[in-house]
Amino acid sequence: MAAAESPSAALRRRDLCSRGIRLAGKMRADVVDLLDAYVEQQGLDASASVAAVEGVPLAAVERWDEQTGTQRLLENLAAYRAFRALLAQMLEEQREQLGEADAGLGRALAAVLLQVSAFAYHLEELLRLESRGVPGEEGDEEEEEEDGPPPPPRLSLFEQKLRGLGVLRELAQWAVRSVRDLRQLAKPSPATGAAPGLAESP
Amino acid sequence: ESHTQYERVGADVTMKCGSMDWDAAVTWTANGTDIDESHLNGSYLVLKNVDLSQSGQYSCYEGSSWHLKYQTNLRVGMPPKEPVLMCRSNNYPKGFYCSWHLPTPTYIPNSFNISVIHGTKDMVCEKDAVPKNRCHIRYLQLFSTVKYKVTLTVTNPLGKNFTTLTFDEFAIVKPDPPESVVAKPVPNNPRRLEVSWQNPSSWPDPESFPLKFFLRYRPLILDQWQHVELSDGTSHTITDAYAGKEYIIQVAAKDNDIGTWSDWSVAVHATPWTEEPKHLTTEAQITETTSASTSSFMAPPTTKICDKGAVVGSGAMAVCWTAGLVMAAYSVLFI
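Residues numbered from 1 in each chain as written. Chains lettered and ligands numbered in written order. Predicted model: local features only at pLDDT ≥ 70, side-chain atom pairs only at ≥ 80, totals over all residues. Heavy atoms only, no water.

Right, let's talk about the state of the cysteines for a bit. All names here are of chain B. Tallying each qualifying case throughout the model produces three disulfides over all chains. Linked covalently through their sulfurs, C87 and C98 form a disulfide whose S-S length is 2.1 Å. Linking C87 and C98, the disulfide has an S-S dihedral of approximately 105° and is accordingly described as right-handed. Taken as a pair, C87 in strand β9 (residues 84–88) and C98 in strand β10 (residues 95–101) lie far apart in primary sequence, 11 residues in all. (Disulfide = S-S within 2.5 Å. Helix = DSSP H or I, 4+ residues; strand = E, 2+ residues; numbered from the N terminus.)

Given below as structure tokens:
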């Protein structure tokens, strides 16, 4: 990676970061509204503690301030790709249980899914600008085990609802983290990705 | 033999004179003053329904020899009530602090112990030297959905009590108020005031964690505030000030994305620019408690218009009424 950015690249990065910040801010507001509606319509307790759900990327991070720009982008991209799949699954489950009362919830879920997809794409743009290759989605690169991973057990309706709560809560945290990450990225810096080259894909 | 003895307010206290027999002849003193024999039961000192004023040094002397046989420092007090605990992050994302106090004094020494748990992890809250009833924690993680649980236990020789707070990382973020708030008139602009301020110095990284601001202002003569929310910048020009009126202005701050608003800043006062007086208006300059100020009058900046508390005389009342009419007319004009 070049030690110094060209002025046009710097401008483009700042522009992408600003738009990304606005996207993430809007996404967060919509996720918070969706969370409120979800809790109410699913008959859940808003203060219920939900254990970490398998497959839900946790926004919590240690030494956040020490992350490089590339790390931030890669972690964000991995997270939103995961949320894209999780929200699609929630939407599918929602349609299976669809009642009149839930139609609005389904629409709100679909709207957030769209924003998550758009944000993931936006992150890919930023990574391309950083001259980083955009990692393939999980499943493309992993070697298939002989028998393949077993399908997750089908959850009960209540478990589905709790998982949905966990997904939306974590997504709301990610939206805040993404705003912060993009602000860090937008800061003028001689080397936004100090890590030597793209890290090996996990 | 000497020690400290703690007793509750209202308790009945019996003190023995060390190892002296019940029927030994003794003299008791309290802070050096002899205690009347009516308080004695044999050689025992009996204090019924003790109150705070009975705290002190009690000494027992043997009969006529006046050998000191026993001494106790009686401290009358109370067990602690449930403490009041508050946790807040005014320096996000560095960490947060918790502070506490007792709702009522115990009058005897208390010790405080605080525990902080984040999920399953115990965290150490480092006590501040000043103030004593405060400790701080550095965030090890950011953006966690796992709640923090803080338990404060207060103990004294008469009992213990505790309280628990549970919160998530974002909920306790509350910056300190903005600093160095300055409000100035704008030359040749009778309806403008320029306000500027600075980020609170305790907020560590305003570039990465920008603050937004809420400005409120009103003329001193009115109770209703005007509000303006500002998403960036640390200055604002008020453009709808009443000419010639002294204003009070305050600013509050909040992280752009999370948490709650700070307290209001220290209030500043300012009066918009007014033109140099072309002629004198006698009534406006009689006393500081009467005025007939309107935008067309050349009143000095400190002049106040009719104050409910201003009672000077019937002449002043008439002037106040007139000023009110003119003000109303100007208000309509400027809507």
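Residue and element names in this part refer to chain A. It is the contact of helix α1 (residues 7–41) with helix α4 (residues 157–186), at a shortest axis distance of 9 Å, that shows an interaxial angle of 160°. The pairing of α1 with α4 is recorded here as roughly antiparallel in orientation. Handedness of the α1/α4 crossing: left-handed. In terms of residue class, the contact of α1 with α4 is made up of 18 nonpolar, five polar and six charged. (Axes fitted to C-alpha atoms, helices over the stretch in contact; angles between N-to-C directions. Parallel < 35°, antiparallel > 145°, perpendicular 65-115°, else oblique. Left-handed = near helix turned anticlockwise from the far one by under 90°. Nonpolar A, V, L, I, M, F, W, Y, C, P; charged D, E, K, R; others polar.)

Tallying the contact residues gives 18 residues for chain B and 17 residues for chain A. Together, the buried faces of chain B and chain A total about 1,600 Å²; carbon and sulfur atoms form 52% of this surface. Counting across the interface, chain B meets chain A through five salt bridges. Of the charged contacts in the structure, one is a salt bridge between D257 of chain B and R183 of chain A, with a shortest N-O distance of 3.3 Å. Inspection of the region where chain B meets chain A yields 12 residue pairs in polar contact (both at pLDDT 80 or more). Along the lines of polarity and charge, the residues of the side of chain B that touches chain A split into eight nonpolar, five polar and five charged. The pairing of strand β1 (residues 61–62) of chain A with strand β15 (residues 141–142) of chain B spans two bridges and is antiparallel. When the sheet's bridge partners are listed, V61 of chain A is paired in β15 of chain B with L142 of chain B. (Contact = heavy atoms within 4.5 Å. Buried area = accessible area lost by both parts, 1.4 Å probe. Salt bridge = Lys/Arg side-chain N within 4 Å of Asp/Glu carboxyl O. Polar contact = N/O pair within 3.5 Å; in protein donor to acceptor, adjacent residues only side chain to side chain. Pairing = 2+ DSSP bridges.)

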